[in-house]
Amino acid sequence: MGELKLEMRGISKRFPGVQALDGVDFALRKGEVHALLGVNGAGKSTLIKVLSGAYPRDAGTLLLDGQPVEINGQQDALARGIATVYQEPQMIPSFTGYENIFLGAENDGKGTFARIRRSKLREKAARLLELFPVDVDLSVPVGKLGTVDQEIVAVFRALSRKISVLVLDEPTSILTEREKLVLFRLVASLKEQGISIIYISHRLEEIQQVADRLTVLRNGRNVATLEVRGAAMSPLKIAELMLGERMETVYPPRASERGDPVLSARGLGLDGKFHDVGFEARRGEILGVFGLVGSGAEELAKVLFGLQPPTRGSIELDGRTVRLRSARDAIARGMFLVPADRRREGLVPAEPIRFNVSLANLNRVSGFLGLTRSGRERLDVSEVVASVGVTPPDIRADVATLSGGNQQKVVVAKGIFTRARVYLFAEPTAGVDVGAKAGIYRLMRELAREATVILVSSDSQEVYGVSDRVMVLFKGQAVLDRPTESTSQEEILLCGVQGRV
Amino acid sequence: MAGNRGAAVPRVATPVIVFLVVIALVFAAFSLLHGQFLSARNLTNLLRHASIFSIFALGVLFVVVVGHFDLSFYLVCGLAGMTTSWLIAVEVPAPWSVGVGLVVGALFGIANGVAIGRWKLPDMVTTIGTGAVAWGFAWIYSKGSYIWQNARTSGILLLNDGTILRLPVPVVFMLGTYLLALLAVHRSRFGRGFYATGENRVAAVFSGVHVEAFIVAAFTICAVLTSMGAILSNASQGAGSVRVGMVFLLPAYATVFLGSAVFRKATVHGTLVASLFISLMLNGFTLMAVPYYYSDLIVGIVLIVALALSSDTLSRLRESLRRAGRRREEGRETEPVAGPLAGTGGQP
């Protein structure tokens, strides 16, 4: 048990503007389940990508069974027995479970045109099921399976090769009790076969049930490796380890006074995503909504912006119930969403800044017959772009050429250009470097002076740092709703990961 | 700012200049190869043909800008043209006949747009279907033969033979449609909507752009412009034919993509310049009695080369080659420094 299967020493990885990993040591014993914890951006996925060969590392050594190894790409990692199952496994929905498991290896390398013997595949799948008894039907198309069953098929796909290290990247978003049992039983049988598992998760209670040890990453460093079944394992302690010292300096000061309610929700629900969510967002303040993937926070932002109609409850704008039919509708009523995926949802990258900034409010730049007033547009867009601090402020530059932080500022400028009264920010600082982060927080605070700002984020630190009032969603329910002064970072994080303190 | 603009010009202008030179060379070559090429008669013909053809290409441009394809226009415009010719044959006044023909084309455009923009059906397969429907209807009028009755007396031929301010009518139509398109696409809010829809539909929705309306509009504009082209073309032939649009399918797409390769984006002016080039080539080939399959072959090659030049894949390939080259150079510098620090040398 004490023997090391895998060891990573002093692993470093830098991205432009971010030191993602800073000399991380990590050791994995044979046949253990080792949980990897950390807040968003702590370096968990980067570490896994270095291990699975998706990223080259800048420094450090990798030892497999005590031997130093180089891993060049994911095929190489697989050949060495290291398999990774990602959050959303890539599979062909119309193929059955066993077809997906043996995809690309259907005929044991007998040549491209060798006949595929389904009976043989089924036999092999049955053998896998004997080894790892799990209650899942491999003969139906995976598109018809639930999320967990799909994940299990993906795990089986990894197991169809000879592997000794399995990485499960946040395998559970929302699990029913039955699904949890199925998954945990699978993990237990993997352990019995001597496979070492790295289990990435936010959810402390699950970790307590499955893991032997855990490692906490923070700011690209390993801050602690602990035995799970020991006195050291208390949720509060783990939360403290994950959060570390507070970085107050990055965040602008909070609001001093509260204005009138602008946007409020009553009993808002979307089937299967969230239910009975209510809040009042006031002018002059930032309302922070913290929720991890699967908490319903992401969907809440989309419902508030009219991208999806709610199945229950109502939204009120200035005390009047509104039914938002589309984003177009929401924008017309003075709302704007800075979306989570800015490249896909926020920008037209092949077009210049000017095009992007005025896109959501073309009324402002067009006159007779809809003809654009170029001079007016140039002036107005330049002013807004300068006010958000895009550098350089050249409005003819194509958005694709800008850094992540600048791109995000362009999206914010686009919102300001609509003169919105309600700004929704979804994951506004994902993939943005530290300097630009502070700039975006300052912008949000400035916007909150005249408008109301709602921040929806899976980053508990930023929700705590930026908001005047905090709401936490867990499995679709608001489990905490309080002014920020009367809560703590630890409380917010714990409510988000386990629903209570 | 001024310095910036100076730096940006060569990037766009070089291919444009090269292209204009190529057009001049092709023009010179045809003048040398064939004595009749420079005759007034041929030049007027060329201008008329180029005008009609460029109207077809302009229609296709709209559909390409919103990120779709229309494989029905060359048959839909045949139906529109046949409707006009049939109405003239039964003694409906020419303006009414033309109007109804255009409306029939527009209805097919709307149907395409709603099916593709709203119901999200696949564009190519859907338009193959609607095209076949139009083709079928067109045959009902004519049983496949030409309709020429009353053409001479109705005044419809003025669409080809007439002049306005000394300019042949097709040329006036071309100038008019291009001027309107230039304003609509490059100088108005609507153009922003068309491009945003085509370049990033999701972001366009998030920005409040009514993408469905823009897709319907693009298919409708395409159908109406190509129907107008078909009616002009029928007027130049003196009779309506169900096959009128068939010769335009390939060159129209070749034109739009050639224009977008040269101007780095599908634009109205790019389409105009490219359509002049393509119709110049087609006219030259006709004069020199080059069999049609050679000209198809050449235009087909132009289409594929233009597609390759304007696609992202190629520029991505170029970029990755450049990056690989840079990495190789860096690798040479850092290789001797073995050990755990090896990688850090490459960091800026």
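The residue count restarts for each chain, going from 1 along the sequence in the order it is written. Naming scheme: in the order in which they are written, chains are lettered from A and ligands are numbered from 1. pLDDT decides what is reported in this predicted model: residues at 70 or higher carry local features, side-chain atom pairs at 80 or more are listed and counted, and totals for whole chains, interfaces and linings draw on all residues regardless.

Here the focus is the overall build of chain A. Per the secondary structure count, chain A includes 17 helices and 20 strands. Relative to the compact-globule value of 23 Å for 501 residues, chain A shows a C-alpha radius of gyration of 25 Å, a close match. Once the C-alpha set of chain A is aligned to its principal axes, its extents read approximately 70 × 55 × 45 Å. Counting over 501 residues, chain A shows a buried share of 49%. In this description, a residue-residue contact is defined by the distance between C-beta atoms placed from the backbone, which must lie within 7 Å. Considering only contacts in chain A between residues 6 or more positions apart, those separated by 24 or more positions represent 70%. Numbering of helices and strands starts at the N terminus; helices are DSSP runs of H or I of at least 4 residues and strands are runs of E of at least 2. Computation of the radius of gyration draws on C-alpha atoms alone. For the globule rule, the value is 2.2 Å times the number of residues to the power 0.38. Exposed residues have 12 or fewer other C-beta atoms within 10 Å of their own C-beta, buried residues have 20 or more, and residues in between are partly exposed; the C-beta atoms are placed from the backbone.

On to the overall build of chain B, then. Along its length, chain B carries 15 helices and 2 strands. When burial is assessed residue by residue, chain B has 45% of its 348 residues classed as buried. Across chain B, the fraction of contacts at a sequence separation of at least 24, relative to all contacts at a separation of at least 6, is 75%.

Turning next to the interface of chain B and chain A. When the parts come together, some accessible area is lost, and that loss is often what is quoted as the size of the interface. The interface is formed by 24 residues belonging to chain B together with 28 residues belonging to chain A. Elements represented by at least two residues in the side of chain B that touches chain A include exactly α9 (189-199) and α10 (201-206) of chain B. Broken down by element, the residue count for the side of chain B that touches chain A peaks at 6 residues, all from α9(B). Each residue receives one of three labels: charged for Asp, Glu, Lys and Arg, nonpolar for Ala, Val, Leu, Ile, Met, Phe, Trp, Tyr, Cys and Pro, and polar for the others, Gly being one of them. Grouping the constituent residues of the side of chain B that touches chain A by class yields 11 nonpolar, 9 polar and 4 charged.

What follows deals with the sheet that holds strand β4 (residues 59-64) of chain A. What links the strands of a sheet is backbone hydrogen bonding, and the strands pair in either a parallel or an antiparallel sense. Residues and elements named next belong to chain A. A strand pair is defined by DSSP finding two or more bridges across the two strands. Judged by pairing direction, the sheet is antiparallel, and its 4 strands sit side by side in the order β2-β1-β4-β5 without closing on themselves. Edge strands, defined here as strands with exactly one partner in the open sheet, are β2 (18-29) and β5 (67-68). Examined bridge by bridge, strand β1 (residues 4-15) and β2 share 8 bridges and lie antiparallel to one another. Looking at β2, one finds that M8 is bridged to F26.

Residues A:T391 and A:P392 are joined by a peptide bond in cis, for which omega reads -10 degrees. Summarising the element assignment, A:P392 is placed in the loop between α13 (374-388) and α14 (404-417). The phi dihedral of B:E91 is positive, around 70 degrees, even though this residue is not glycine. On the secondary structure map, B:E91 appears in the loop between α3 (73-89) and α4 (94-118). For B:E91, a count of 11 C-beta atoms within 10 Å gives the class exposed. The phi angle at B:R166 is positive, at roughly 70 degrees, despite the residue not being glycine. Position of B:R166 relative to the elements: it lies in the loop between β1 (163-164) and β2 (167-168).

In this section: the confidence of the model for chain B. Residue and element names in this part refer to chain B. Across chain B, the average pLDDT comes to 87, with 86% of residues at or above 70. Along the chain, pLDDT gives the predictor's confidence residue by residue, from 0 to 100. Note that residues 1-10 has pLDDT below 50 and, in this model, 1 contact with residues that lie over four places away or in other chains. Contacts for the low-pLDDT stretch residues 331-348, under 50 throughout, to residues beyond four places or in other chains number 18 contacts. Here the predicted complex carries an ipTM of 0.84, next to a pTM of 0.81.

This part takes up the domain arrangement of chain A. Residue and element names in this part refer to chain A. The split of the chain into domains comes from an automatic or database domain assignment. Along its sequence, chain A is organised into domain 1 (4-243), domain 2 (250-334 + 422-501) and domain 3 (350-419). Look at where the C-alpha atoms of domain 2 and domain 3 centre, and you get two points 25 Å apart. Taken together, the contact pairs 10 residues of domain 2 with 9 residues of domain 3. Grouping the amino acids of the side of domain 2 that touches domain 3 by side-chain chemistry returns 7 nonpolar, 2 polar and 1 charged.

Time to look at the packing of helix α2 (residues 40-65) of chain B against helix α8 (residues 169-186) of chain B. Residues and elements named next belong to chain B. To obtain each axis, a line is fitted to C-alpha atoms, and for helices this fit is confined to the stretch in contact; angles are then taken between N-to-C directions over 0 to 180 degrees. Across the interface, α2 lies against α8 with an axial gap of 8 Å and an inter-helix angle of 30 degrees. Comparing their axes, α8 and α2 come out roughly parallel. Where α2 crosses over α8, the two elements pack in a sense that is left-handed. The residues of α8 that touch α2, namely those facing L47, R48, S51, I52, S54, I55 and L58, are P170, V171, F173, M174, T177, Y178 and A181. When grouped by side-chain class, the residues that make up the contact of α2 with α8 number 10 nonpolar, 3 polar and 1 charged. Any angle that is under 35 degrees is reported as roughly parallel, and any over 145 degrees as roughly antiparallel; angles of 65 to 115 degrees are reported as roughly perpendicular and all others as oblique. Crossing handedness is defined as follows: a turn of the near helix away from the far one that is anticlockwise and smaller than a right angle gives a left-handed crossing, while the clockwise case is right-handed.

Side chains of nonpolar character tend, in soluble globular proteins, to be buried together. Ranked by size, the top nonpolar core spans 245 residues in total, and within it A:L424, A:M444, B:V60 and B:A218 carry the most contacts. Counting residues per element, this core draws most heavily on helix α11 (residues 211-237) of chain B, at 17 residues. What A:M444 contacts, discounting residues up to four positions off in sequence, is A:I286, A:F425, A:V453, A:L455 and A:V466. The nonpolar core is taken to be a set of buried Ala, Val, Leu, Ile, Met, Phe, Trp, Tyr and Cys residues joined by way of C-beta atoms within 7 Å.

Turning our attention to the sheet that holds strand β3 (residues 33-37) of chain A. All names here are of chain A. Strand order in the open sheet made by the 6 strands is β6-β7-β8-β3-β9-β10, with mixed pairing throughout. If you trace the sheet from one side to the other, it starts and ends with β6 (82-85) and β10 (221-227), each paired once. In this sheet, adjacent strand axes meet at a mean angle of 20 degrees when their direction is disregarded. Contacts between helix α1 (residues 44-51) and the sheet are confined to β3, β6, β7 (165-169), β8 (196-200) and β9 (213-218), with β7 contributing the most and set at about 150 degrees to the helix. Running at roughly 165 degrees to β6, helix α5 (residues 147-159) makes contact with β6 and β7 of the sheet.

Once that is clear, we can look at the packing of α8(B) against helix α13 (residues 268-287) of chain B. All names here are of chain B. Two elements in contact, α8 and α13, have axes whose closest approach is 9 Å; the angle formed by their N-to-C orientations is 145 degrees. Here Y178, A181, L182, V185 and H186 of α8 come into contact with α13, specifically with V268, H269 and L272. Residues that form the contact of α8 with α13 fall into these classes: 6 nonpolar, 2 polar and no charged.

Residues and elements named next belong to chain A. Counting buried residues along helix α9 (residues 297-304), 8 of its 8 residues qualify, which places the element largely inside the surrounding structure. Along α9, the residues that are buried comprise A297, E298, E299, L300, A301, K302, V303 and L304. Downstream of α9 by a residue or two, G306 has a phi angle that is positive, lying close to 80 degrees.

Here B:H269 is to be found in helix α13. On a C-alpha basis, the gap between B:H269 and B:W86 in space is 35 Å, while along the polypeptide they are 183 residues apart.

Before going further, it helps to examine the pairing of β10(A). For a regular strand, side chains alternate in direction, first toward one face of the sheet and then toward the other. All names here are of chain A. For β9 and β10, the ladder comprises 6 bridges, and the chain directions are antiparallel. Looking at the pairing, R213 lines up with E227 of β10. Where β9 folds back onto β10 in an antiparallel hairpin, the turn is made up of 2 residues, including N219, whose phi is positive at roughly 50 degrees.

Residue and element names in this part refer to chain A. One ladder, built from 5 bridges, connects β1 with β4; its direction is antiparallel. Paired with L6 across the two strands is L64, which belongs to β4. Relative to β5, β4 is paired through 2 bridges, and the arrangement is antiparallel. Bridge pairing in β5 places L63 opposite P68.

Along the chain, A:R229 turns up in the loop between β10 and α8 (235-243). Sequence-wise, A:R229 and A:Q208 are 21 residues apart; in three dimensions their C-alpha atoms are separated by 7.9 Å.

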